Amino acid sequence: MPFALRLPPYGGGRGERPILTKMKYSKLIIAIIIAFIFIGTFVFLYQKSQPEPIVYNEFSTKMGDVSKTTLITGKIEPRNEVNVKPQISGIITDIYKEAGDVVKAGEVIAKVKVIPDMSQLSSAESRVRLAEINAKQAQVDYDRDKVLFDKHLITAESFDKVSQTLHQAQEEVKAATDALEVVRDGVSKSNASASSTLIRSTISGVILDIPVKVGNTVILSNTFNDGTTIATLANMKDLIFRGNIDETEVGQLSIGVPLKITIGALQDVKLNASLEYISPKAVENNGANQFEIKAAIDVKGAKDLRSGYSANAEIVLQTAKNVLTIPESAVEFSGDSTFVYLVKGKGEQKTYERHPVTIGISDGVNIEIKKGLSQKDIVRGPQVVADTKNKE
């Protein structure tokens, strides 16, 4: 039998079949992964496209107090501020006090050097010369009549008149001399203790401001000029709150109502006050009509209060005690009517029924329900937003 050589097919061998099998499995796995990714993406997009169920807050009615308040912006200031002005014109030579010092009435604040008015000075000097001439003549008349009186040549009545004339002439010399010293020096020898060159406090209190400096020229108050203010004083134990309230709220105020005062610069300070003044006339402020109010502040125990502090005053306009309340956010306003949505049923059977109610006053958070609800009712509130649901 002839010999024949048999060769295996091209590429054949023992390792070929496993290699092909691994390649098929790899392709299958990749296809499965791609299919899972595709299906997962589809499911995710489908779920995202579905509308989420709407969830609402729900509130139970409850009994409580409701107060309608308003907040007024104003400032703290003394009831009375006094401007101390000089009694003469001149130049400031000394200032003995500074802003913030506590002074008593009559205490010296500053000193003024007089700048005499030339016309007044000339008139005063002329008055002195005339008074001295009259005094000399009166003295001559007196001496002559004294000799005659001693010899009993004139009556006592005539001599008394001459004596009186002499005394009057001497007093006129003193008065003219004092007037000249006041015009020239600002003070006379006879009233040195009441010198007009010394600027004294007119009240007891705190010096709020001294707007002048040494060397400044000051003028006295007269018909044509208000005069220069040397210092401004006030009693810091008698303070008021001054602010403006809108015309829509002023009708609910009355004299004597309490206020709660808070000061922005002093966060821990809360003061009590009592309303004592409501302006009878409105002023326009940013297009709105407002009325000025003033309230007396109780400063007992308060420290570091300063004139001009910005402050807020809270006033209670109306109060309703032990009334049925719900959050104001649960109320629907439609024209002149108000409604709430009552919760009916539970779970999947839950529904919301629109129901009319009569409301009272509101404090901005809770509102009084006068009619339409009971203490057992539950009402629908605003819709729960997504962020709130995720946090829950």
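In every chain, residue numbers begin from 1 and rise along the written sequence. A pLDDT threshold of at least 70 governs which residues receive local features in this predicted model, and a stricter bar of 80 or more applies before side-chain atom pairs are shown or counted, although totals over entire chains, interfaces and linings include all residues. Values reported for side chains reflect all heavy atoms of the structure, with hydrogen atoms and water molecules removed beforehand.

Caption draft 1: Main features of the overall build of the protein chain. Helix and strand definitions follow DSSP, with helices as H or I runs of at least four residues and strands as E runs of at least two, each counted in order from the N terminus. Along its length, the protein chain carries five helices and 20 strands. With a 1.4 Å probe rolled over the protein chains alone, any residue whose accessible area is under 20% of its type maximum counts as buried; one over 50% counts as exposed, and the rest are partly exposed. The buried share of the protein chain, reckoned over its 392 residues, is 28%. Any two residues whose heavy atoms approach within 4.5 Å at even a single point are treated as in contact. Pairs at least 24 apart in sequence give 72% of the contacts found in the protein chain among residues at least 6 apart. Per-residue and other accessible areas follow the Shrake-Rupley method at a 1.4 Å probe size, with only the shown protein chains counted as cover for residues. Taken as a whole, the protein chain presents about 26600 Å² of accessible surface, with 53% of it coming from carbon and sulfur.

Caption draft 2: Inspection of the pairing of strand β6 (residues 108–114) at higher detail. The rule for pairing is simple: two strands pair if DSSP sees at least two bridges between them. Where strand β4 (residues 90–95) lies against β6, five bridges are found, and the strand directions are antiparallel. Paired with Asp94 across the two strands is Lys111, which belongs to β6.

Caption draft 3: How the structure looks around the layout of surface pockets. Only protein atoms enter the 1 Å grid used here. Points where a 1.4 Å probe fits but cannot escape make up a cavity, open sets with protein on both sides within 12 Å along at least five of seven lines make up a pocket, and a residue lines them when an atom lies within 4 Å of a point. Grid points are joined across faces, edges and corners, and a volume is the space filled by probe spheres set on the points. As a volume, the second largest pocket reaches approximately 180 Å³. If you go around the second largest pocket, the residues you meet are Gly205, Val206, Ala234, Asn235, Met236, Lys237, Val299, Ala302, Lys303, Asp304 and Leu305. Each residue is assigned to one of three groups, with Ala, Val, Leu, Ile, Met, Phe, Trp, Tyr, Cys and Pro labelled nonpolar, Asp, Glu, Lys and Arg labelled charged, and all others, Gly among them, labelled polar. In terms of residue class, the lining of the second largest pocket is built from six nonpolar, two polar and three charged.

Caption draft 4: How the structure looks around the sheet that holds β6. Read across the sheet, four strands follow the order β7-β6-β4-β9 without closing on themselves; strand pairing throughout is antiparallel. Since the sheet does not close on itself, it has two edges, and those belong to β7 (198–200) and β9 (217–218), each with one partner.

Caption draft 5: How the structure looks around the nonpolar core. Core analysis: the biggest nonpolar cluster contains 28 residues, and Ile76, Phe241, Leu259, Ile261, Ile263, Ile297 and Ile315 have the highest contact counts within it. Mapped onto this core, the elements with two or more residues apiece are β2 (62–78), β11 (239–246), β12 (258–263), β13 (266–285), β14 (288–297) and β15 (310–327). When neighbours within four sequence positions are excluded, Ile315 is seen to be in contact with Lys68, Thr69, Thr70, Ile72, Leu253, Val257, Pro258, Leu259 and Ile293. Joining through side-chain atoms within 4.5 Å is the link that ties buried Ala, Val, Leu, Ile, Met, Phe, Trp, Tyr and Cys residues into a set, and such a set is a nonpolar core. Core analysis: the next-biggest nonpolar cluster, separate from the first, contains 14 residues, Val84, Ile210, Ile230 and Leu233 among them.

Caption draft 6: Summary view of the sheet that holds strand β3 (residues 81–84). Spatially, the four strands line up as an open sheet ordered β3-β10-β8-β5, and their pairing is antiparallel. The open sheet has two edge strands with one neighbour each: β3 and β5 (102–103).

Caption draft 7: Examining the pattern of salt bridges more closely. We define a salt bridge as a contact between a side-chain nitrogen of Lys or Arg and a carboxyl oxygen of Asp or Glu at a distance within 4 Å. Evaluation of the coordinates by the stated rule reveals 13 salt bridges. Ionic pairing is found between Arg242 and Glu292, a salt bridge with its closest N-O pair at 2.8 Å. Of the two residues, Arg242 is situated in strand β11 and Glu292 in strand β14; the sequence distance between them amounts to 50 residues. What makes Arg242 partly exposed here is its relative accessible area of 24%.

Caption draft 8: Fine view of unusual backbone geometry. Phi is positive for His152, close to 60°, though the residue is something other than glycine. For His152, the position within the fold is in the loop between α2 (118–150) and α3 (156–185). Even without a glycine there, the phi angle at Asn322 is positive, about 50°. On the secondary structure map, Asn322 appears in strand β15.

Caption draft 9: Local environment of the pairing of strand β10 (residues 231–234). With burial as the criterion, each face of β10 is covered, one bearing Ala231 and Leu233 and the other bearing Thr232 and Ala234. Of the strand pairs in this sheet, β3 and β10 are connected by four bridges, and their pairing is antiparallel. Bridge pairing in β10 places Glu81 opposite Ala234. Of the strand pairs in this sheet, strand β8 (residues 205–209) and β10 are connected by three bridges, and their pairing is antiparallel. Across the sheet, the residue bridging to Val206 is Ala234, located in β10.

Caption draft 10: Seen up close, α2. Here, expected helix span is obtained from the residue count minus one, scaled by 1.5 Å. Relative to the 48 Å expected for 33 residues at 1.5 Å per residue, α2 spans 48 Å between its end C-alpha atoms, a close match to the ideal helical length. Trailing α2 by a residue or two, His152 shows a phi angle of about 60°, which is positive.

Caption draft 11: Seen up close, the environment of Val269. With respect to the secondary-structure elements, Val269 resides in strand β13. With a relative accessible area of 22%, Val269 lands in the partly exposed category. For the pair Val269 and Ala302, spaced 33 residues apart in sequence, the C-alpha separation works out to 7.5 Å. Ignoring anything within four residues of it in the chain, the contact list for Val269 reads Ile261, Thr262 and Ile263.

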